[in-house]
Number of protein chains: 2
Amino acid sequence: MSHAPPPSEGPLGPSSVGLLGGGVIGGGWAARFLLNGVDVKLYDPDPEASRHVGRLLDNARRAYAKLTALPLPREGSLTIVDSPEEAAVGVQLVQESAPERLELKQRLLAAASAAAGPEVLFSSSTSGLRPSLLQTEMEHPERFTVGHPFNPVYLLPLVELCAGERTAAETVGRAAALYRAVGMHPLALRHEIDGFIADRLLEALWREALWLVHDDVATVAEVDDVVRYGAGLRWAIMGTFLTYRLAGGEAGMRAFMEHFGPALALPWTKLVDVPELTLDFLDKVAHQSDAQAAGRSVAELERERDDALVAILQALRARGTGAGLTVAAWERGLLDVVPAPPAASLDGDGPLALYSREIPPDWIDYNGHVTESRYLDLLGEATDALLRYIGVDSSYVGAGRSYYTVETHISHLGQLYAGDRVHAATQVLGSDDKRLHLFHVITRLGEEAPVATGEHMLVHVDATAGRAAPVREEVRRRVEALAAAHAALPRPGRAGRRITL
Amino acid sequence: MSHAPPPSEGPLGPSSVGLLGGGVIGGGWAARFLLNGVDVKLYDPDPEASRHVGRLLDNARRAYAKLTALPLPREGSLTIVDSPEEAAVGVQLVQESAPERLELKQRLLAAASAAAGPEVLFSSSTSGLRPSLLQTEMEHPERFTVGHPFNPVYLLPLVELCAGERTAAETVGRAAALYRAVGMHPLALRHEIDGFIADRLLEALWREALWLVHDDVATVAEVDDVVRYGAGLRWAIMGTFLTYRLAGGEAGMRAFMEHFGPALALPWTKLVDVPELTLDFLDKVAHQSDAQAAGRSVAELERERDDALVAILQALRARGTGAGLTVAAWERGLLDVVPAPPAASLDGDGPLALYSREIPPDWIDYNGHVTESRYLDLLGEATDALLRYIGVDSSYVGAGRSYYTVETHISHLGQLYAGDRVHAATQVLGSDDKRLHLFHVITRLGEEAPVATGEHMLVHVDATAGRAAPVREEVRRRVEALAAAHAALPRPGRAGRRITL
């Protein structure tokens, strides 16, 4: 008889957050929270903040539409507020993402924490300022932690947590649960240091990169190519220690350390000092960076980056490794949060409209068209939507029962292109206690002529026993109601079609 | 009337290379060259070298089968030789991959270069030793360059080229063309430095990573997670400069540099010195690394890494960015190198066996089965193989003509699992001047019962005009010959089937 959380909240997620700062990081937080169904109150003195957030939110909507075929929760509402105090009232978390100036961050956190109830969590997006310093002016500093995200915040899973001297033991765990609920991978430092883990690594690399460009060993584009055609591909999968374990071959990590340890003392890296940012050096970097961008605006580059990040996240999800695990966990959460359409809409007014999606750019072949097999992805996702609708959800499948497709007939009637928004109209042509006969018509938004149709025969199986088995009562009733209602609809002209010259 | 290169050589690739050293790097080179159809002579005094190379070659075969659906050239032959001199005779390139000891490398390069003709290229896999030092004892030092690859050599595209003081101007270009022909991305340093570009970056990051573990801020697994759930995902796509251009938001690179420049001076990174490799510290790293490996052997981890690398490379290829471009260029090269089956095999003895592939692990859904739409990938690839066979090759398609699928009927008759090797038997059921009616039967290797069948109607189109158009004469003749021969075969039982309850 446990209490279920209210449906708008999800298992552990907040229903409302306050954001202090709406730049690249704060706007990214806004996009992540809003698309996960969380209401956002945003304070930023910059009059442009609202426009910035809108741009990042557009990016995020576009990326999420590609990242998952599952329906997202209803978007949270965005409210721009006029003070840090207003951002802190009636929310579960206040996330500060102001510029990296200690006094500014201290002042914002002090003002907001004085207005918030003592149960409200506080977190700072700082890349490296110590939480013990950030929390000094706060009311209830024990509910404060660092929660350092990475750009783009709406896509990259990592958030570094770092407790300060006055942070309470449970605060980091509460923040971690909350970030996890919006699809992130929280990782807590074992003790407080400047720069945390990520920026220690990033700055060391960045400093060397600047020296390489400063000394004309390579251009900025060449340094980037060394990373993205080489070690960067490994870093996305295994990081650095596990990668090096493999470099040791079968002898493993100790052998690698002993073998390559001495090379660390070779004079391969520059001193800790940074090249002086003279006007000449700034000019060189900016000029080379412009050449690398080759006329692409930041907005265009952001979309290129996001599309590739989505593709990599999906690749890692398919492999069940690294950041793909975070995406998979987030999707499982979506299945729980987004309710199935109510049975009441089984009204027989026409074919069901259960499925819609935008064609992602990576569905396109070298001709610019959607690859043939992606039509079956569309039809399969439309079938999945119908199955969820009739009650074949994760708990039903988890109990070892499901429908398997045994026969499919596709008619390709038009071309699809990247960015097209398509819908499926789904009709049940028949059913018995083991079989389900479906017909989908795929159309482009606002058009009448179908771009494809799919006719499908599914058989209900007991996956554990590996054989066909009667559908369970609760699903059978919904299927029968649907089949009865759809029997009154006109039969699609292409149903029952055979292929012949 | 230009001379075509011999078919076994490909446009710019070598037909034979000599390798000095067969460890993790040398064995990776062997695998890359062999799978690209290049004969390899390998010298390594370690009696285990042959076994090591065999293991890496198995890994590479497995990875390439997933990386591309195109047929690979016939594998090169591997010959173990007894001296560096023997490795250098009758080859186009000698690649040295001995341990990082200057005198050892100098001695090997001197011996091999004395035995080789002056036209043979020489390259060293060193991670950071200066080419000017490596080439001092060589005969014809002008044909020497550094060619520094990354583990696993058979998958990661990057190879850093660095000329020494005595390297001739054309040597680096010749080496680059040769590496490009076996699917790599060569990148030449603008002047010679210790550590080149990659190891300058890698060592800086590695040194910080060691300090973080030394100081108990994080375990090795946590440091790796910070990379692979965060910045590592961006590094695979854009490197570091282009990533930071975006961190500046719409204001761009100069704004980013001016804004974040001062933070470089903050005390976030350790000095250049390395934690002393005491027994205690080695124990800590080795112990944490064992925990991270969680019982997985190096061989298992290598396969996990390779599968994820393949998935990421394919994701980047689909996005047309970064290392995906190298894979796409390699595949275009494969199309030119691997000849279409000869027309003489149009013998009418039975359905055509033109297509075979192994089911990659990322085709598997959460149930452990091949995802429904992947059956259409199989059938589509089998259709592509038939189209190449009848002369619809890249030049035909490049001229704006092709066959498009208009109708597909799939019967799912069995389950497929990761690692299954499947074949298609392909029958032409009919044709006219615009249409082609195909039937594929997909079976698992060594089994009779089909796991799926596909019936397909294709229409020949003029893609430029966007409408159906008669097939060109040379293809029509092959189609008619095939249709006539296949008319004598029994018609498949499932052909012309319609879906019905």
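Cut-offs and rules
Residues numbered from 1 in each chain as written. Chains lettered and ligands numbered in written order. Predicted model: local features only at pLDDT ≥ 70, side-chain atom pairs only at ≥ 80, totals over all residues. Helix = DSSP H or I, 4+ residues; strand = E, 2+ residues; numbered from the N terminus. Contact = placed C-beta atoms within 7 Å. Pairing = 2+ DSSP bridges. Axes fitted to C-alpha atoms, helices over the stretch in contact; angles between N-to-C directions. Left-handed = near helix turned anticlockwise from the far one by under 90°. Nonpolar A, V, L, I, M, F, W, Y, C, P; charged D, E, K, R; others polar. Expected span 1.5 Å × (residues − 1). Buried ≥ 20, exposed ≤ 12 C-beta atoms within 10 Å, placed from the backbone. Arc of directions from axis to C-beta. Least-squares fit on C-alpha atoms with pLDDT ≥ 70 in both. Core = buried A, V, L, I, M, F, W, Y, C linked by C-beta atoms within 7 Å. pLDDT = per-residue confidence, 0-100.

### Some details on the overall build of chain A
Turning to step 1, where the next piece is worked out: Counting its regular elements, chain A contains 16 helices and 14 strands.
Turning to step 2, where the next piece is worked out: The long-range fraction of contacts in chain A, counting pairs at least 24 apart against all pairs at least 6 apart in sequence, stands at 71%.

### Topic: the sheet that holds strand β6 (residues 144-148) of chain A
All names here are of chain A.
Turning to step 1, where the next piece is worked out: An order of β3-β2-β1-β4-β5-β6-β7-β8 is seen for the eight strands of this open sheet, with the pairing classed as mixed. Only two strands of the sheet have a single neighbouring strand rather than two, namely β3 (78-81) and β8 (185-188). Each adjacent strand pair in this sheet contributes to an overall mean axis angle of 25 degrees, direction not counted.
Turning to step 2, where the next piece is worked out: Sheet topology places strand β1 (residues 16-20) next to strand β2 (residues 39-43); five bridges connect them, and they run parallel. Bridging from a neighbouring strand, L20 pairs with Y43 of β2.

### Side note on the packing of helix α8 (residues 220-238) of chain A against helix α12 (residues 298-319) of chain B
Turning to step 1, where the next piece is worked out: Where α8 of chain A meets α12 of chain B, the axes come as close as 10 Å, and the angle between the chain directions of the two elements is 115 degrees. As α8 of chain A runs across α12 of chain B, the sense of the crossing is right-handed. Mapping the contact onto sequence places L233, A236, I237 and M238 of chain A in α8 of chain A and R305, A308, L309 and I312 of chain B in α12 of chain B.
Turning to step 2, where the next piece is worked out: Looking at the contact of α8 of chain A with α12 of chain B, its residues break down into seven nonpolar, no polar and one charged.

### As for unusual backbone geometry
All names here are of chain A.
Turning to step 1, where the next piece is worked out: Cis geometry is adopted by the peptide bond preceding P152, which originates at N151 and carries an omega value of -5 degrees.
Turning to step 2, where the next piece is worked out: Positionally, P152 belongs in the loop between β6 and β7 (158-163).
Turning to step 3, where the next piece is worked out: One non-glycine residue, D216, lies in positive phi territory at about 60 degrees.
Turning to step 4, where the next piece is worked out: Position of D216 among the secondary structure elements: in the loop between α7 (198-214) and α8.

### Details of helix α4 (residues 102-115) of chain B
Residue and element names in this part refer to chain B.
Turning to step 1, where the next piece is worked out: The end-to-end C-alpha distance of α4 is 20 Å, a good match for the 20 Å that 14 residues give at a rise of 1.5 Å each.
Turning to step 2, where the next piece is worked out: K105, Q106, L108, L109, A111, A112 and S113 are the residues of α4 that are buried.
Turning to step 3, where the next piece is worked out: Looking at the packing, one finds that the buried side of α4 touches β1 (16-20), α3 (84-87), β4 (93-96), β5 (121-124) and α5 (131-134).

### Details of the interface of chain A and chain B
Turning to step 1, where the next piece is worked out: Listed per partner, the contact involves 130 residues of chain A and 130 residues of chain B.
Turning to step 2, where the next piece is worked out: If one sorts the elements of the side of chain A that touches chain B by residue count, α8 of chain A sits on top with 17 residues.
Turning to step 3, where the next piece is worked out: Considering only residue class, the side of chain A that touches chain B consists of 67 nonpolar, 32 polar and 31 charged.

### Points about helix α16 (residues 473-486) of chain A
All names here are of chain A.
Turning to step 1, where the next piece is worked out: End to end, α16 covers 20 Å across 14 residues, agreeing with the expected 20 Å (1.5 Å per residue, within 8%).
Turning to step 2, where the next piece is worked out: Residues of α16 that are buried: V479, L482 and H486. Projected onto a plane normal to the axis of α16, the buried residues spread over an arc of 65 degrees and lie on a single side. Summarising the geometry of α16, the exposed residues directed more than 90 degrees from the buried face are E473 and E474.
Turning to step 3, where the next piece is worked out: In this fold, the buried residues of α16 make contact with β11 (421-431) and β12 (435-444).

### Observations regarding the relation of the copies chain A and chain B
Turning to step 1, where the next piece is worked out: You can overlay chain A on chain B at an RMSD of 0.1 Å; the transform is a turn of 180 degrees with a shift of 0.0 Å along its axis. Here the transformation between the copies is reduced to the relation of a two-fold axis.

### Let's talk about the sheet that holds β4 of chain B
Residue and element names in this part refer to chain B.
Turning to step 1, where the next piece is worked out: Within the open sheet, the eight strands sit side by side as β3-β2-β1-β4-β5-β6-β7-β8. Their pairing is mixed. The open sheet has two edge strands with one neighbour each: β3 (78-81) and β8 (185-188). Ignoring which end each strand starts from, the neighbouring axes of this sheet average 25 degrees apart.
Turning to step 2, where the next piece is worked out: The sheet contact formed by strand β6 (residues 144-149) and strand β7 (residues 158-163) spans five bridges and is antiparallel. The residue of β7 that forms the bridge with P149 is V159.

### Quick notes on the pairing of β4 of chain B
Residues and elements named next belong to chain B.
Turning to step 1, where the next piece is worked out: Burial of the side chains of β4 extends over both faces: L93 and Q95 are buried on one face and V94 and E96 on the other.
Turning to step 2, where the next piece is worked out: As paired elements, β1 and β4 share four bridges and run parallel to each other. Each residue of the ladder has a partner; that of V17, found in β4, is L93.
Turning to step 3, where the next piece is worked out: Of the strand pairs in this sheet, β4 and β5 are connected by four bridges, and their pairing is parallel. In the sheet register, E96 faces β5, and the bridge partner there is S124.

### Quick look at the nonpolar core
Turning to step 1, where the next piece is worked out: I312 of chain A together with A30 and I312 of chain B are the most contacted members of the largest nonpolar core, which has 212 residues in total.
Turning to step 2, where the next piece is worked out: Counting residues in each nonpolar core, the second largest holds 74 residues, with V471 of chain A together with L378, I410 and V471 of chain B among its members.

### Some words on the pairing of strand β13 (residues 450-462) of chain B
Residue and element names in this part refer to chain B.
Turning to step 1, where the next piece is worked out: Note: strand β10 (residues 401-412) against β13, eleven bridges, orientation antiparallel. By the bridge assignment, I410 is partnered in β13 with G454.
Turning to step 2, where the next piece is worked out: Pairing of strand β12 (residues 435-444) with β13, which is carried by nine bridges, proceeds in the antiparallel orientation. For L438, the partnering residue across the bridge sits in β13 and is H456.
Turning to step 3, where the next piece is worked out: Hairpin remark: β12 followed by β13, antiparallel, with five residues in the connecting loop; positive phi at G446, about 85 degrees.
Turning to step 4, where the next piece is worked out: By the bridge criterion, two bridges tie β13 to strand β14 (residues 467-468) in an arrangement that is antiparallel. Looking across to β14, one finds that D462 is bridged to R467.
Turning to step 5, where the next piece is worked out: Between the end of β13 and the start of β14, which pair antiparallel, lie four residues, with G466 showing a positive phi angle near 75 degrees.

### Examining the environment of H140 of chain B
All names here are of chain B.
Turning to step 1, where the next piece is worked out: Of note, H140 is situated in the loop between α5 and β6.
Turning to step 2, where the next piece is worked out: Taking the C-beta count within 10 Å as the criterion, H140 has 17 such neighbours and is therefore assigned partly exposed.
Turning to step 3, where the next piece is worked out: The contact partners of H140, leaving out residues within four places of it in the chain, are S113 and P118.

### Things to note about the confidence of the model for chain A
Caution applies to low-pLDDT regions: their predicted coordinates should not be interpreted in detail.
All names here are of chain A.
Turning to step 1, where the next piece is worked out: A residue-level look at chain A finds 89% of positions with pLDDT of 70 or above and a mean pLDDT of 86.
Turning to step 2, where the next piece is worked out: A low-confidence stretch, residues 1-11 stays under pLDDT 50, and its non-local contacts, those more than four residues away or across chains, total eleven contacts.
Turning to step 3, where the next piece is worked out: Both confidence scores are given for the complex: pTM 0.76, ipTM 0.75.

### A short note on the environment of I359 of chain B
Turning to step 1, where the next piece is worked out: Here I359 of chain B is to be found in the loop between β9 (352-358) and α14 (372-389).
Turning to step 2, where the next piece is worked out: Along the sequence, I359 of chain B and Y417 of chain B sit 58 residues apart, while their C-alpha atoms lie 6.9 Å from each other.

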